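Listed below are the residues making up each chain.
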Amino acid sequence: MSSDEMDASGAGAVVDRMAGAVPEPGSAKSDPILVADGVRRSFGGLTAVDVGHLEVQRGTITALIGPNGAGKSTLFNLLTGFDRVDGGRWSFEGRSVNGRPGHRVARAGMVRTFQLTKALTRMTVLDNMLLGAQGQVGERMAGAFLRPVWGRQEKANTVRAMELLERFKLVDKRQDMAGSLSGGQRKLLEMARALMTDPSMIMLDEPMAGVNPALVQSLLHHITSLRDEGKTVLFVEHDMDVIMGISDWIVVLAQGQVIAEGSPSDIRSNQQVIDAYLGVQEVGDEVRGSGDE
Amino acid sequence: MDIFLILAESARSAVGPVAAIYALAAIGLNMHFGYTGLLNFGQVGFMLVGAYGVGISVAVFELPLLVGFLVGLACAVVLALLLGIPTLRLRADYLAITTIAAAEVLRLVYRAGFAEPLTKGVYGLQNLSGEFRTWNVFFDPGERYGFGAFSFSGNHMWLMAVTWGLVALTALLTWLLIHSPWGRVVRGIREDEEAVRSLGKNAFAYKMQALVLGGLIGALAGSMMAVHQGAIQPDQFKPQVTFFLWVILLLGGAGRVLGPIVGSMAFWFLMSFTDGFLRGLGREGYLPFLSGPDYGAIQLAFVGVMLVLLIVFRPQGLIGDRKEMLVNVK
Ligand SMILES: Nc1ncnc2c1ncn2[C@@H]1O[C@H](COP(=O)(O)OP(=O)(O)OP(=O)(O)O)[C@@H](O)[C@H]1O
Ligand SMILES: [Mg+2]
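Because the structure is a prediction, the values reported are computed rather than measured.

> What am I meant to see in the overall build of chain A here?
Within chain A, the secondary structure is distributed over eleven helices and ten strands. For chain A, the proportion of its 293 residues judged to be buried stands at 55%.

What follows is the structure, encoded as structure tokens:
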């Protein structure tokens, strides 16, 4: 790939995908897949999430960033039905999904991974993958006895699972217990497993944490190819190089609120964002200092 | 002391009706805990409703035995729903507390004065095996089958055939289910329920199904118990029974289809052996400081020791999967 092409898939294309969305908190998108309004959640006295209005553009890679404790994971949990909101509405692909339990949100096509990896440890890597496949006849209690019927589905699903495992460099581990994988491998497995559900939007909570740099590059490649297949990616990440490198759009959360939105170049120069990161002592100058590490 | 006699007696217990009944109940518990990860500390409650389904139908209403079985199974479904609906959405420990309490409450209700018209209170119900024996066309009740001390009456043979048959049937059912995509979901729930939900599976519904299924198998065990003994009293259904079932499950290997069966046979062999051995020693005058009733206490202490040894030396159980056990869980 020549450097010219790289540029074309970078800044130039970004504007296109976002169709000129205004870089300000709560900005409207031309073709939003996810629209959230007034989503709130507090723990005791602490307001963890209080998002006024948020839209995620279909077919883009959107990064959700913010200092530790900003409410990113909590927002993920709320949107995907893994935690209960105190208030607010949101819709996915034009259909309201608020109040739906997690499995129904997943079935609607919005699938998430967890910051603390949830590998099913005493099951093989392949079984982990197959669990992701949707519409399995054999998963119904009565259907479980119809081996000829689900056997065929199982074969097709196995082929698909193997393709994904190949992509994620886990194919040699397919018969191992997931609990025997390393931390980074578990992250990969979780992402591959989420993709096995064939979601229209995938939400990744720190997918690169603990993954070695060489693999990060190939993961980034997978993420961009997912987008190019038409999927929407929303991911939480702390590594600024990664974020700036692949995001079409960045949403910045601080103390539960969206304080800024925009393309990577908008965000890089946004004083409020820099202040937000500096305002939280533990994270120090994460934004500006990310390149040094 | 005739060690061979004790061994023959122990072997008789290992394959006898009681071992079969406990194996059956433990198969239900294996569905709950071994595969789905549900902490059911009240499996005896399911046995109780199964036993009284037969008892009340047959002894009070003079209905056919088969109706009694069906009533027992229906009660198990109701019990599972009552236990599961409020707790299965919550953390695992809520089910544990609820089941242990519910089983005790059931026992107290069945023995209470107000329930006497149906349950006959603490005295329980009698004459429950008559019809079952009339179904026996295979074994002659007057005959003894086997050799020497290792032999059974025709009635026992018939009961063992049916109960072990049910054990085989439910084990096969378990095997089929667990080796299907349904079983994969259920095992996934045992590992991490949220991960399974994030993949679009209704974890609550699966847990409910597993709870009902394991409860039904437990009730079946209870019904066979009523038929075996011919008489039931509420106080046989103490928490100790659940405790034995857990020992059996862990001894054999949780999450293995044959685990509960191997566990029950080994458990009753050892129980009978310690009993015979203690009595033998007592008769020969080696235990002057103990009297007959103390043997039971020592026997129970022995169960505890067995459990400790098991956890130390073979945590996966007799036929458990060591590979699965060694996996670093977190
Ligand atoms: N279950 C909970 N109970 C109480 N407080 C919680 C709970 N979950 C999150 N919080 C609080 O909500 C705030 C947001 O947490 P959250 O996990 O969403 O942060 P985050 O942005 O994902 O941070 P990080 O980048 O460190 O993962 C934090 O202050 C946290 O202490
Ligand atoms: Mg987080």
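> Is there a simple way to explain unusual backbone geometry in this structure?
Both trends apply: most residues other than glycine have a negative phi, and most peptide bonds are in trans. Despite not being glycine, A:D198 shows a phi value in the positive range, around 55°. The backbone of B:E62 sits at a positive phi, close to 55°, despite the residue not being glycine. In this structure, B:E62 sits in the loop between helix 3 (43–60) and helix 4 (65–87). Given the relative accessible area of 69%, B:E62 is considered exposed.

> Teacher, can you tell me more about the pattern of salt bridges here?
If the charged atoms of two oppositely charged side chains come close together, the side chains can form a pair. This model, assessed by the stated rule, comprises 25 salt bridges over all chains. One salt bridge in this structure joins B:R184 and A:E154, with 2.7 Å as the shortest N-O distance. Of the two residues, B:R184 sits in helix 9 (residues 181–191) while A:E154 sits in helix 5 (residues 147–167), which places them in two different chains. For B:D235, the salt bridge is made with B:R107, and the minimal N-O distance between the two is 2.7 Å. On the criterion of sequence distance, the pair formed by B:D235 in the loop between helix 11 (203–229) and helix 12 (239–252) and B:R107 in helix 5 (residues 92–111) is long-range, its members being 128 residues apart.

> How do you make sense of the coordination of the magnesium ion (ligand 2) when you look at a structure like this?
Tetrahedral metal sites with four donors have an ideal angle of 109.5 degrees; octahedral sites with six donors have ideal angles of 90 or 180 degrees. Residue and element names in this part refer to chain A. Looking at the magnesium ion (ligand 2), the protein donor atoms are S73 (OG) and Q115 (OE1), and they sit 1.9 to 2.1 Å from it. Of this pair, S73 sits in helix 2 (residues 72–79) while Q115 sits in the loop between strand 6 (110–112) and helix 4 (125–130), placing them 42 residues apart in sequence. Classification of Q115 as partly exposed rests on a relative accessible area of 35%.

> Honestly, the UniProt feature "transmembrane region" (unreviewed entry) in chain B in this entry has me stumped. Any pointers?
Listed under "transmembrane region" (unreviewed entry) in the UniProt record, and renumbered for this structure, are residues 14–31, 38–59, 65–85, 157–178, 210–231, 243–271 and 295–313 of chain B. Spanning residues 38–59 of chain B, this segment combines 77% helix with 0% strand, and its end C-alpha atoms are found 34 Å apart.

> Is there a simple way to explain the site of ligand 1 in this structure?
Residues and elements named next belong to chain A. Within the structure, ligand 1 sits among 14 residues, and N68, K72, S73, T74 and Q115 are positioned closest to it. Contact distances for ligand 1 include 2.7 Å between an oxygen atom and a side-chain N or O atom of K72. In the environment of ligand 1, an oxygen atom lies 2.8 Å from a nitrogen or oxygen atom belonging to the side chain of H238. Contact with the protein chains covers 61% of the free accessible surface of ligand 1, which is 640 Å². In terms of residue count, helix 2 provides more of the shell around ligand 1 than any other element does, three residues in total. In terms of residue class, the shell around ligand 1 is made up of five nonpolar, seven polar and two charged.

> Would you take a moment to explain the sheet that holds strand 7 (residues 201–205) of chain A for this structure?
Backbone-to-backbone hydrogen bonds join strands into a sheet, with any given pair of strands oriented parallel or antiparallel. Residue and element names in this part refer to chain A. Here we have six strands laid out as an open sheet, ordered 6-7-8-3-9-10, and mixed in their pairing. The sheet terminates laterally at strand 6 and strand 10 (257–262), the two strands that pair on one side only. Ignoring which end each strand starts from, the neighbouring axes of this sheet average 20° apart. Note: strand 9 (residues 249–254) against strand 10, five bridges, orientation antiparallel. In the sheet register, A254 faces strand 10, and the bridge partner there is Q257. Contacts from helix 6 (residues 183–196) reach strand 6 and strand 7, with the element oriented near 165° to strand 7.

> Sorry, what's going on with the nonpolar core here?
Taken as a class, soluble globular proteins show a tendency for nonpolar side chains to be buried jointly. Residue and element names in this part refer to chain B. Of all hydrophobic cores here, the largest spans 97 residues; its most connected members are M47 and F267. With 16 residues, the top contributor of residues to this core is helix 11. In this view, F267 contacts F244, V247, I248, L251, V303 and M306; residues no more than four positions away in its chain are not counted.

> It is not clear to me how the packing of aromatic side chains should be interpreted in this structure. Could you clarify?
Here the distance between the centres and the angle between the planes together describe a pair of aromatic rings. All names here are of chain B. The full count for this structure, using the stated rule, is 19 aromatic pairs over all chains. With a centroid separation of 5.1 Å and 55° between ring planes, the pair formed by F244 and F267 is classed as tilted. Placement of the pair is F244 in helix 12 and F267 in helix 13 (residues 259–283), with a sequence separation of 23 residues. On the basis of relative accessible area, F244 is assigned to the buried category, the value being 5%.

> Looking at this model, I keep getting lost on the domain arrangement of chain A. Mind explaining?
How big an interface is tends to be reported as the loss of accessible area on association of its parts. All names here are of chain A. Splitting chain A by domain gives domain 1 (3–119 + 199–291) and domain 2 (122–180). Domain 1 puts eight residues into the contact, and the matching count from domain 2 is six residues. Together, the buried faces of domain 1 and domain 2 total about 500 Å²; carbon and sulfur atoms form 57% of this surface. Among the residues domain 1 hides against domain 2, the three largest losses belong to A119, L215 and H222. Together they make up 60% of the total.

> Looking at this structure, I do not really get the side chain of A:T197. What am I missing?
Turning to its location among the elements, A:T197 is positioned in the loop between helix 6 and strand 7. Within polar-contact distance, the side chain of A:T197 engages the backbone oxygen of A:A194 at 2.6 Å. The contacts of A:T197, once residues within four sequence positions are left out, are A:V111, A:G132, A:Q134 and B:L199.

> Can you walk me through the interface of chain B and chain A in this structure?
In this complex, chain B contributes 33 residues to the contact, which on the side of chain A involves 36 residues. Note on chain B versus chain A: buried area summed over both sides is about 3,200 Å², and carbon and sulfur give 60% of it. Our count for the chain B to chain A interface comes out at seven salt bridges. Linking B:K201 and A:E139 is a salt bridge whose minimum nitrogen-to-oxygen distance equals 3.0 Å. On inspection of chain B and its partner chain A, the count reaches twelve residue pairs in polar contact (both at pLDDT 80 or more). Of all the secondary structure elements, the ones that give two or more residues to the side of chain B that touches chain A are helix 8 (154–178), helix 9, helix 10 (193–198), helix 11 and helix 15 (322–326) of chain B. By residue number, the principal contributor to the side of chain B that touches chain A is helix 9 of chain B, which donates eight residues.

> I tried to follow the pairing of strand 2 (residues 150–153) of chain B on my own but got confused; where do I start?
Residues and elements named next belong to chain B. Where strand 1 (residues 144–147) meets strand 2, four bridges bridge the pair, whose relative direction is antiparallel. For Y145, the partnering residue across the bridge sits in strand 2 and is F152. The hairpin turn running from strand 1 into strand 2, its antiparallel successor, is two residues long, and G148 in that turn takes a positive phi close to 55°.

> Can you walk me through the pairing of strand 8 (residues 232–236) of chain A in this structure?
Walk down a regular strand and you will see the side chains alternate between the two sheet faces. Residue and element names in this part refer to chain A. Of all the five residues making up strand 8, five are buried; the element is thus mostly covered by neighbouring parts of the structure. Across the two faces of strand 8 the burial is the same, with T232, L234 and V236 and V233 and F235 all buried. Note that strand 3 (residues 61–65) and strand 8 share four bridges and pair parallel. Bridge pairing links T62 to L234 in strand 8. As paired strands, strand 7 and strand 8 are joined by five bridges and run parallel to one another. What sits directly across from D205, in strand 8, is V236. Once the chain exits strand 7 it traverses helix 7 (residues 213–228) before rejoining the sheet at strand 8, and the crossover so formed is right-handed.

The rules behind each value
Residues numbered from 1 in each chain as written. Chains lettered and ligands numbered in written order. Predicted model: local features only at pLDDT ≥ 70, side-chain atom pairs only at ≥ 80, totals over all residues. Heavy atoms only, no water. Helix = DSSP H or I, 4+ residues; strand = E, 2+ residues; numbered from the N terminus. Buried < 20%, exposed > 50% of the residue type's maximum accessible area, 1.4 Å probe, protein only. Salt bridge = Lys/Arg side-chain N within 4 Å of Asp/Glu carboxyl O. Donors = N, O, S within 2.8 Å, 3.2 Å for Na, K, Ca; no water. UniProt positions renumbered as here; feature names shortened; annotations may be inferred. Near = heavy atom within 4 Å. Polar contact = N/O pair within 3.5 Å; in protein donor to acceptor, adjacent residues only side chain to side chain. Areas by Shrake-Rupley, 256 points an atom, 1.4 Å probe, with all protein chains shown as cover. Nonpolar A, V, L, I, M, F, W, Y, C, P; charged D, E, K, R; others polar. Pairing = 2+ DSSP bridges. Axes fitted to C-alpha atoms, helices over the stretch in contact; angles between N-to-C directions. Contact = heavy atoms within 4.5 Å. Core = buried A, V, L, I, M, F, W, Y, C linked by side-chain atoms within 4.5 Å. Phe/Tyr/Trp six-rings, centres within 6.5 Å; stacked < 30°, edge-to-face > 60°. Domains from an automatic or database assignment. Buried area = accessible area lost by both parts, 1.4 Å probe. Right-handed = clockwise from strand over helix to strand, strands pointing away.

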